[in-house]
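# A look at the structure
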Amino acid sequence: MVLKEIDPALLASLDLPAPRYTSYPTAPAWYNIEEEVYLKALQQFDESSAPLSLYVHIPFCKTMCLFCGCSVILNRREDVQDQYVDSLLEEARLIIFRNKHPLRQLHLGGGTPTQLTEDQLKRLYRGLIDIFPLDTTAEISIEVDPRNGTNKLEMLKNLGFNRISFGVQDTDPSVQKAIHRYQSYEMTRDTMLKARALNFDSINMDLIYGLPLQTVESFKDTINKIIEMSPDRIALFSYAKIPWIKAHQKAIPEESLPPTPIKFALYAHARKVLIEAGYLPIGMDHFAKKEDELTLAFQEKRLQRNFQGYSLKNTENMLGLGVTSIGYISGVYIQNAKDLDSYNSLIKKRRLPVQKGFVLGSEDFLRRSLIQKLMCDFEIDKEIFKKEWGKDFDALFQIDSELVINNEKVFKATPIGALFIRNIAMYFDAYINKGHFSKAI
Ligand SMILES: C[S@@+](CC[C@H](N)C(=O)[O-])C[C@H]1O[C@@H](n2cnc3c(N)ncnc32)[C@H](O)[C@@H]1O
Ligand code: SF4
């Protein structure tokens, strides 16, 4: 099988810092922008009939998992969360549309959305859909932490959530100890059983390979346990080590981490076992059952990549609410203030809490489209490219790489290249020297 054929020297040469391309241009290229830029983009969007999605960031967690690369605020105070819900609803009210844009997607992510109390979740959800009515077929999803979310599942289902995703990472107790995340197998299984009994449309589980103390054997056991629980989708993330941004990751001793060849073997084995169990690899790091909508979208080249990973194409315009939240509206990336006090105080002044962003120019759109296509479909059809952009692919890009097949018709990742799609996408990134990224493997 392909994965075993990878030359260790090639592996070492590919383990370079590489963006995950949840946006293009990637965040390090963004700059400070004014509220007016966002208001103008919102107005332009309002005049269009493009579909709308909404992402709401809930940053709170009770304890810090040592590997975590998310935007997290440690908090145990309900009053802080109450005030945050007020701010979120106020921020939503500051976005005024004259036309109706029913939401295709509403996603609550974190941090840990299920750290909000039941009352806070109800107040937030009802308040949001009052301001942004939902499309009748909307995907309404939430990230659930089994350590505090299981007993909230019924309430979430009754409110209208139809998809859930939960963090597992690894079921091995010694790995859990090394990452400061204690989540027994029974706890994860109970969350799964309850979610199934409640008939959510889709259940996803997150796993990470490359964590401290993981071995090929131990991770096989984790994967087998997950397969037994039979989630509809599995996100199998590579541990993104970014200690220059997330200082708590420094508490993981370097020598406890699997070296690159082992990290790759963890992925290779997991991938093999998941495929044998009937899951299809989707994009860079997702697996889904054959009949899953994501699988169909992948096969029909209808996937797109955004900050939440992979989703369907028609959800490009996304409002982001909350501290550090990222959105994309009418060709403009927007990121909110990164610290809670600044965020709350801007909202109190009735200002949109925008901090950074990027207004895309014509070359950015072209490169963004190419990178999206590679990250989702693993290939670029040169004739379609010419029709879309009026330009000749080969005249613009001369790329010679053993990771791709590059002929007059197509630019396409080889089967091995598909495993290193971030490395291939980097050829098209005009801002690649701006950032400091986690490694590709
Ligand atoms: C916001 S968390 C999920 C919800 C909830 N907080 C939990 O942990 O169950 C999103 C996911 O990001 C992934 N993640 C976080 N930090 C990561 C890192 N440094 N590298 C790779 N994946 C990471 C984890 O798989 C995690 O489940
Ligand atoms: S992985 Fe989830 S629970 Fe752990 S610190 Fe990150 S956001 Fe919080």
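In short, a report on the structure. Model, not experiment: these values are computed from the prediction.

Turning next to the overall build of the protein chain. Across its full length, the protein chain holds 16 helices and 20 strands. At 21 Å, the protein chain has a C-alpha radius of gyration in line with the 22 Å of a compact globule built from 441 residues. Here the C-alpha coordinates of the protein chain stretch approximately 55 × 55 × 40 Å along the principal axes. Nonlocal contacts in the protein chain, meaning residues at least 24 apart in sequence, comprise 72% of its contacts between residues at least 6 apart. Of the roughly 19300 Å² that the protein chain leaves accessible, carbon and sulfur atoms contribute 52%. Charged side chains in the protein chain number 55 positive and 56 negative. The centres of these two groups are separated by 2 Å.

A separate point is empty space enclosed by the protein. Tallied over the full model, the rule gives two cavities of 30 Å³ or more. Considering only enclosed or pocket space, the largest cavity measures out at about 150 Å³ in volume. Taken together, 17 residues make up the lining of the largest cavity; nearest its centre are Thr 22, Arg 305, Tyr 333, Arg 368 and Gln 372. Elements with a minimum of two residues in the lining of the largest cavity: β12 (303–306) and α13 (362–377). Looking at the lining of the largest cavity, the element that brings in the most residues is α13, giving four residues. Two domains share the lining of the largest cavity, each providing at least three of its residues, namely domain 1 (26–359) and domain 2 (362–429).

Further remarks concern the packing of aromatic side chains. All told, the structure shown has 20 aromatic pairs when counted by the stated rule. Seen in terms of ring centroids, Phe 298 and Phe 378 are 6.3 Å apart; in terms of plane orientation they differ by 90°. Their pairing is edge-to-face. A residue pair is termed long-range when its members are at least 10 positions apart, and Phe 298 in helix α11 (residues 293–299) and Phe 378 in the loop between α13 and β18 (379–381) qualify at 80 residues. According to the relative accessible area criterion, Phe 378 is buried, its value standing at 11%. Between the aromatic rings of Phe 385 and Phe 393, the centroid separation amounts to 5.7 Å while the plane-to-plane angle is 90°, which identifies the pairing as edge-to-face. Aromatic ring contacts, followed pair by pair, group Phe 385, Phe 393, Phe 397, Phe 411 and Phe 428 into a single cluster. The cationic tip of Lys 225 hangs over the ring face of Tyr 185; the distance from NZ or CZ to the ring centre is 5.6 Å. Over the ring of Tyr 310 we find Arg 305; its NZ or CZ atom is 4.8 Å from the centre of that ring.

Okay, the pairing of strand β5 (residues 103–110) next. The side chains of a regular strand alternate between the sheet's two faces. β5 sits mainly inside the fold: seven of its eight residues count as buried. Bridge count between strand β2 (residues 52–58) and β5: seven bridges; the pairing is parallel. Opposite Tyr 55, over in β5, you have His 107 as the bridge partner. Sheet analysis places β5 next to strand β6 (residues 134–144), joined by five bridges and oriented parallel. Bridge pairing in β6 links Leu 108 to Ile 142. On the question of chirality, the crossover connecting β5 to the parallel β6 by way of helix α4 (residues 118–131) is right-handed.

In this structure, the second largest pocket encloses a volume near 530 Å³. Every residue lining the second largest pocket is counted, 31 residues in all, and those nearest its centre are Arg 271, Gly 283, Phe 378, Ala 418 and Leu 419. Those elements that place two or more of their residues in the lining of the second largest pocket are β9 (233–238), α10 (260–276), β10 (279–282), β20 (410–413) and α16 (421–425). Taken together, the residues of the lining of the second largest pocket sort by class into 20 nonpolar, four polar and seven charged. A domain split of the lining of the second largest pocket shows at least three residues from each of domain 1 (26–359) and domain 2 (362–429).

Here the focus is the site of ligand 2. All residues in the neighbourhood of ligand 2 are listed as Cys 61, Thr 63, Met 64, Cys 65, Phe 67, Cys 68, Val 72, Gly 111, Thr 112, Asp 145, Arg 147 and Arg 181. Split by residue class, the shell around ligand 2 holds six nonpolar, three polar and three charged.

Tracing the sequence through the fold places Leu 321 in strand β14 (residues 318–321). Given the relative accessible area of 0%, Leu 321 is considered buried. Through-space distance from the C-alpha of Leu 321 to that of Glu 90 is 10.0 Å; in sequence the pair is 231 residues apart. If we ignore the near neighbours within four places in the chain, the residues touching Leu 321 are Leu 54, Tyr 55, Val 56, His 57, Leu 88, Glu 91, Ala 92, Ile 95, Leu 128 and Asn 336.

With that out of the way, let us pick up the environment of Cys 376. Along the chain, the position of Cys 376 falls in helix α13. Distance from Cys 376 to Ile 421, taken between C-alpha atoms, is 9.4 Å for residues 45 residues apart in sequence. If sequence neighbours within four positions are ignored, Cys 376 has contacts with Phe 298, Leu 303, Gln 304, Arg 305 and Tyr 310.

Examined bridge by bridge, β12 and strand β13 (residues 309–312) share four bridges and lie antiparallel to one another. Residue pairing in the sheet places Arg 305 in a bridge with Tyr 310 of β13. Hairpin connection from β12 to β13: two residues lie between these consecutive antiparallel strands.

Our focus in this paragraph is the site of ligand 1. Around ligand 1 sit 20 residues in total, of which Phe 67, Gln 169, Arg 181, Asp 206 and Ala 240 are the nearest. At a separation of 2.9 Å, a nitrogen atom of ligand 1 approaches a polar backbone atom of Ala 240. Its residues placed into classes, the shell around ligand 1 shows eight nonpolar, eight polar and four charged.

With that out of the way, let us pick up the nonpolar core. Val 56, Leu 124 and Leu 319 are the most contacted members of the largest nonpolar core, which totals 117 residues. Of the domains in this structure, domain 1 (26–359) and domain 2 (362–429) are the two that each give at least three residues to this core. Those residues in contact with Leu 319, other than ones at most four positions away along the chain, are Tyr 38, Leu 42, Leu 52, Ser 53, Leu 54, Tyr 55, Ile 95, Phe 97, Phe 132, Gly 327 and Ile 329.

Rules behind the numbers
- Residues numbered from 1 in each chain as written.
- Chains lettered and ligands numbered in written order.
- Predicted model: local features only at pLDDT ≥ 70, side-chain atom pairs only at ≥ 80, totals over all residues.
- Heavy atoms only, no water.
- Helix = DSSP H or I, 4+ residues; strand = E, 2+ residues; numbered from the N terminus.
- Rg over C-alpha atoms; globule rule 2.2 N^0.38 Å.
- Contact = heavy atoms within 4.5 Å.
- Areas by Shrake-Rupley, 256 points an atom, 1.4 Å probe, with all protein chains shown as cover.
- Lys, Arg positive; Asp, Glu negative; His and termini not counted.
- Charge placed at Lys NZ, Arg CZ, Asp CG, Glu CD.
- 1 Å grid on protein atoms, 1.4 Å probe; cavity = no way out; pocket = protein on both sides within 12 Å on 5 of 7 lines; lining within 4 Å.
- Points joined across faces, edges and corners; volume = space filled by probe spheres on them.
- Domains from an automatic or database assignment.
- Phe/Tyr/Trp six-rings, centres within 6.5 Å; stacked < 30°, edge-to-face > 60°.
- Buried < 20%, exposed > 50% of the residue type's maximum accessible area, 1.4 Å probe, protein only.
- Lys NZ or Arg CZ within 6 Å of the ring centre and 35° of its normal.
- Pairing = 2+ DSSP bridges.
- Right-handed = clockwise from strand over helix to strand, strands pointing away.
- Nonpolar A, V, L, I, M, F, W, Y, C, P; charged D, E, K, R; others polar.
- Near = heavy atom within 4 Å.
- Polar contact = N/O pair within 3.5 Å; in protein donor to acceptor, adjacent residues only side chain to side chain.
- Core = buried A, V, L, I, M, F, W, Y, C linked by side-chain atoms within 4.5 Å.

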